[in-house]
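# Residue-level structure breakdown
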Amino acid sequence: MHEYLATIYYWLKAAHILFVIFWMAGLFMLPRQLVYMHASAPGSEEEALWARRSRQLGKVILAPSLVIVWVVGLLLAMTIGAWDQGWFHAKLLLVVLLSGYHGWMTGLARKMGEGARPLSEKQLRIVNEIPGIVAALVVVLVVVKPF
Ligand code: HEM
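The notes below deal with the structure included here. These figures come from a predicted structure and were not determined experimentally. (Residues numbered from 1 in each chain as written. Predicted model: local features only at pLDDT ≥ 70, side-chain atom pairs only at ≥ 80, totals over all residues. Heavy atoms only, no water.)

What follows is about a positive patch on the surface. The grouping of Arg-52, Arg-53, Arg-55 and Lys-59 at the surface amounts to a positive patch. As for its position among the elements, Lys-59 is in helix 3 (residues 45-80). Here Lys-59 falls in the exposed class, since its relative accessible area comes to 62%. (Patch = residues over 30% accessible without salt bridge, like charges linked within 9 Å, V, L, I, M, F, W, Y side chains within 5 Å. Areas by Shrake-Rupley, 256 points an atom, 1.4 Å probe, with all protein chains shown as cover. Salt bridge = Lys/Arg side-chain N within 4 Å of Asp/Glu carboxyl O. Lys, Arg positive; Asp, Glu negative; His and termini not counted. Charge placed at Lys NZ, Arg CZ, Asp CG, Glu CD. Helix = DSSP H or I, 4+ residues; strand = E, 2+ residues; numbered from the N terminus. Buried < 20%, exposed > 50% of the residue type's maximum accessible area, 1.4 Å probe, protein only.)

Let us look at the coordination of the iron atom of the ligand. The protein atoms that coordinate the iron atom of the ligand are His-16 (NE2) and Lys-91 (NZ), at distances of 1.8 to 2.1 Å. One can describe the site at the iron atom of the ligand as octahedral: its 6 donor atoms subtend angles covering 85 to 179° at the metal. Placement of His-16 in helix 2 (residues 9-39) and of Lys-91 in helix 4 (residues 86-113) is noted, with a sequence separation of 75 residues between them. (Donors = N, O, S within 2.8 Å, 3.2 Å for Na, K, Ca; no water. Tetrahedral: all angles 85-135°; square planar, octahedral: opposite > 155°, others 65-115°.)

This part is about the site of the ligand. Around the ligand sit 23 residues, and of these Tyr-9, Lys-13, His-16, Lys-91 and Lys-145 come closest. In the environment of the ligand, an oxygen atom lies 3.0 Å from a nitrogen or oxygen atom belonging to the side chain of Lys-13. Residue assignment for the shell around the ligand shows that the elements contributing at least two residues are helix 2, helix 3, helix 4 and helix 6 (130-144). Among the elements that take part in the shell around the ligand, helix 3 stands out by supplying 7 residues, more than any other. Of the residues in the shell around the ligand, the class split is 18 nonpolar, 2 polar and 3 charged. (Near = heavy atom within 4 Å. Polar contact = N/O pair within 3.5 Å; in protein donor to acceptor, adjacent residues only side chain to side chain. Nonpolar A, V, L, I, M, F, W, Y, C, P; charged D, E, K, R; others polar.)

Another aspect to go through is the pattern of salt bridges. Applying the stated criterion across every chain yields a total of 2 salt bridges. Note that Arg-117 is salt-bridged to Glu-47, the shortest N-O span being 2.7 Å. Taken together, the residues Arg-117 in the loop between helix 4 and helix 5 (121-127) and Glu-47 in helix 3 connect sequence positions 70 residues apart. The class of Glu-47 is buried, set by a relative accessible area of 3%. A salt bridge links Glu-121 to Arg-125; its shortest N-O distance comes to 2.7 Å. You can see Glu-121 and its partner Arg-125 sitting in helix 5, 4 residues apart, about one turn around the helix. The class of Arg-125 is partly exposed, set by a relative accessible area of 38%.

Remember that the coordinates give geometry; whether it matters functionally is a separate question.
Quick look at the structure:
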């Protein structure tokens, strides 16, 4: 198994980075959609439209990308034997948090589609920054491997 993974290492890394791009694109789009949904009247046609769009984004881009990034990422970790490396532990913690953020945002979209407004528009704009900050830290960890 390990020999085979080593022969496809660069294909794995290419697939990993490609689906990381899709996942991050989805994580940047969803909070924006929620800001627009927040401005619509609860129960209105416009709210229903944004609810449909965020469900579509979740089903077509976010969920498949999350699964593929994790599966290929763990295969890469198996290939290079990353399990005992500090940078990988820190990266894993950050991507678990990012996956939690994904779940929280998806749940928030569902609640807002039912007319709830648990966060203010300002709060939505603030949480919109989280994926970008986490992605910057993750990329530095995996490319520079500082520890
Ligand atoms: C979700 C769980 C993830 C796991 C288990 C994981 C694991 C890994 C592993 C083991 C590598 C190979 C490192 C090497 O060959 O030196 C890698 C490469 C990479 N990962 Fe992830 N990763 C995950 C998510 C992410 C995320 C969310 C991002 C960006 C936001 C990311 C960005 C990258 C980049 C840019 C590389 C290529 C680094 C290089 O070429 O040196 N990964 N990942």
